[in-house]
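# Remarks on the overall topology
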Amino acid sequence: MAAEKITSRAKDYSQWYLDIVNRAGLAENSDVRGCMVIKPHGYAIWEKIQRALDRLFKDTGHVNAYFPLFIPKSFLAREEQMAEGFAKECAVITHHRLKAIPGGGVEVDPESKLEEPLIVRPTSETIIWNTYRSWVQSWRDLPLLINQWANVVRWEMRTRLFLRTAEFLWQEGHTAHATQQEAEEEARRMVEVYRHFAEEWMAMPVLVGPKSEGQKFPGAVYTLCIEAMMQDKKALQAGTSHFLGQNFAKAFDVTFQNPEGKREYAWATSWGVSTRLIGGLIMTHSDDQGLIVPPRLAPVHAVIVPIYKTETERAAVLEAANKLAESIRDLPLREWLNYEPVTVRVDDREQYQPGFKFNEWELKGVPVRVELGPKDLAKGACVLARRDLPGKEAKEAGVPLTKAAVRIGEMLHAMQTALFERARKFREENTYEVNSYDEFKKKIEEPGGFLLAHWDGTRETDERIAAETKATIRCIPFDRQKEAGKCMVTGRPSEGRVVFAKAY
RNA sequence: CGGGGCGUAGCUCAGCUUGGCUAGAGCGCAUGGUUCGGGACCAUGAGGUCGGAGGUUCAAGUCCUCUCGCCCCGACCA
């Protein structure tokens, strides 16, 4: 049988991405325009992401709550920038009832028109700050450190599985503080939580820093972001943390009395990451054989493929496989895995041959594969293969069964590190300093990647570059070098380089 | 939302130009058998309102109109 290969990255990167999502069983398009079905394997990754992040949020003092899916239309209008930013992509609910048509079908009951239409939340600042009004009376009520796990809807014109869908899953943190300084510290703290998560869990290196004025979130005073480079050298905004100033407190009249008895507006932040992270995970690590998932987020850490011909061999191999599986499950990785279990699967399906199973588990991104057959058993050993080191050459043969579990534990750690290092190296190799706009225009097309260039800090120049080159300022990294220079477009002074790239 | 491409079996597609009999292939699926260390093979079988609606015609997968969806490129965006 001809192997069903996935499209190579070199041939067609977009198709490769779709093939991975499809063949690894992560998600599929639904019959609802722009909305995806997240399949069990994809959702399992999301659950790992959720649990790791949720712990990080709890560890930084946050609690979860839940606010409504529907928001009165008028709320959006209360904050001008937000209304402007989201008006074009809101789903609107105008009626609350259907009625059956005699003979079949249903139609909207015109009698059920809502007095005030509701919108489906594109983000929840408005409904949450409207609620905070009654929660915040005194400086003693602050800070409010609340997160919610939710779905949101943005009526996108052009969607791509995980990267941009009309409905997506995310978390949104919404905090209220007594002082500007505390709110700004919070925004910074949470973008650092995102950095930590991206790098330590997703093995995805990120740049961290503020967005330019033109790229910030509607309603924010400023937006901090984590920004990653995908394997096609395009940038992906992977998470944002916003300092919202007193914009929402003023729009929703959220005030408190300070210790001196004076009334003040509260200070706000909001921060979020979404199922888009799964798209980032795919495009950071996966290869032409399929998905690669960093061990700390892998739904299945190791799979054992038993190999046998006869019934006698089968019994012996499966017994050894199950015993090995138990010893892997007992590995002391619980803390490293956020107290999630080490998951091992013995693939004892009869209808597939070993070669087929090897390919299938590679497609699904399981970090370590164990091959165990009669020849190994005779030596009391097994064969180990690490997903990020593909090909027969990279297999470790003759690993004693007594030491296999420990070796697998080492491999999981090594793979987590190796994926991060490989991605970091890739980003570094595709990041260039450019010093003139001509050079910029050439390099953004070929070779592409992240371009570090001087910019005069104005919105006009930002927009002009975006319009002329399709590249945007992705981030003004916190850790950039101070370097006096001149804007590559206007020649006006600049105090350091910013990161430009084409982006998702 | 603008430009281009495509909708036929679970998947990938042929058939449409030039309308004509019970609409095809490969993969997948089911059953039985042989296999099993990198995507096995044989046999038998199930599976299709040809995206949807309307129209032209003796006759429509094929021609016309409308519509829905998907993919690619742009504008917008997490």
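Scroll up to find the structure.
The rules behind these values
- Residues numbered from 1 in each chain as written.
- Chains lettered and ligands numbered in written order.
- Predicted model: local features only at pLDDT ≥ 70, side-chain atom pairs only at ≥ 80, totals over all residues.
- Heavy atoms only, no water.
- Helix = DSSP H or I, 4+ residues; strand = E, 2+ residues; numbered from the N terminus.
- 1 Å grid on protein atoms, 1.4 Å probe; cavity = no way out; pocket = protein on both sides within 12 Å on 5 of 7 lines; lining within 4 Å.
- Points joined across faces, edges and corners; volume = space filled by probe spheres on them.
- Nonpolar A, V, L, I, M, F, W, Y, C, P; charged D, E, K, R; others polar.
- Pairing = 2+ DSSP bridges.
- Phe/Tyr/Trp six-rings, centres within 6.5 Å; stacked < 30°, edge-to-face > 60°.
- Buried < 20%, exposed > 50% of the residue type's maximum accessible area, 1.4 Å probe, protein only.
- Lys NZ or Arg CZ within 6 Å of the ring centre and 35° of its normal.

## Describing unusual backbone geometry
Cis geometry is found at the peptide bond from Leu142 to Pro143, where omega equals 0°. Among the secondary structure elements, Pro143 is positioned in the loop between helix H5 (125-135) and strand E9 (144-153). Of the consecutive residues Glu446 and Pro447, the connecting peptide bond is found in the cis state with omega at 10°. In this structure, Pro447 sits in the loop between helix H13 (437-445) and strand E23 (450-454). For Lys233, which is not a glycine, the phi torsion comes out positive at approximately 75°. Relative to the helices and strands, Lys233 resides in the loop between strand E12 (222-229) and strand E13 (235-245).

## Comments concerning empty space enclosed by the protein
Across all of its chains, the model carries 2 cavities of 30 Å³ or more by this definition. Put simply, the largest cavity is a space of about 100 Å³. Elements represented by at least two residues in the lining of the largest cavity include exactly helix H10 (354-364), strand E19 (368-372) and strand E20 (381-386). In the lining of the largest cavity, the residues fall into 7 nonpolar, 1 polar and 5 charged.

## Considering the pairing of strand E8 (residues 113-120)
Pairing analysis gives 3 bridges linking strand E4 (residues 70-72) to E8, with the strands arranged antiparallel. Among the inter-strand pairings, Ile71 is bridged to a residue of E8, identified as Ile119. The pairing of strand E5 (residues 92-95) with E8 spans 3 bridges and is antiparallel. By the bridge assignment, Val92 is partnered in E8 with Ile119.

## Section: the packing of aromatic side chains
Here the structure, examined in full by the defined rule, presents 17 aromatic pairs. Relative to Tyr194, the ring of Phe57 has its centre 6.4 Å away and its plane inclined at 75°; by these criteria the two rings are edge-to-face. One end of the pair, Phe57, is in helix H2 (residues 40-59); the other, Tyr194, is in helix H6 (residues 180-201), and 137 residues separate them in sequence. In this pair, the class of Phe57 matches that of Tyr194, namely buried. Geometrically, the ring pair formed by Phe440 and Phe500 is edge-to-face, given 5.1 Å between the ring centres and 80° between the ring planes. Of the two residues, Phe440 sits in helix H13 while Phe500 sits in strand E27 (residues 497-501), which places them 60 residues apart along the sequence. Here Phe440 falls in the buried class, since its relative accessible area comes to 0%. Ring-pair connections join several aromatic residues into one group, and the members of that group are Trp46, Phe57, Trp149, Tyr194 and Trp271. Sitting above the plane of the Tyr504 ring, Lys234 keeps its charged end 4.4 Å from the centroid.

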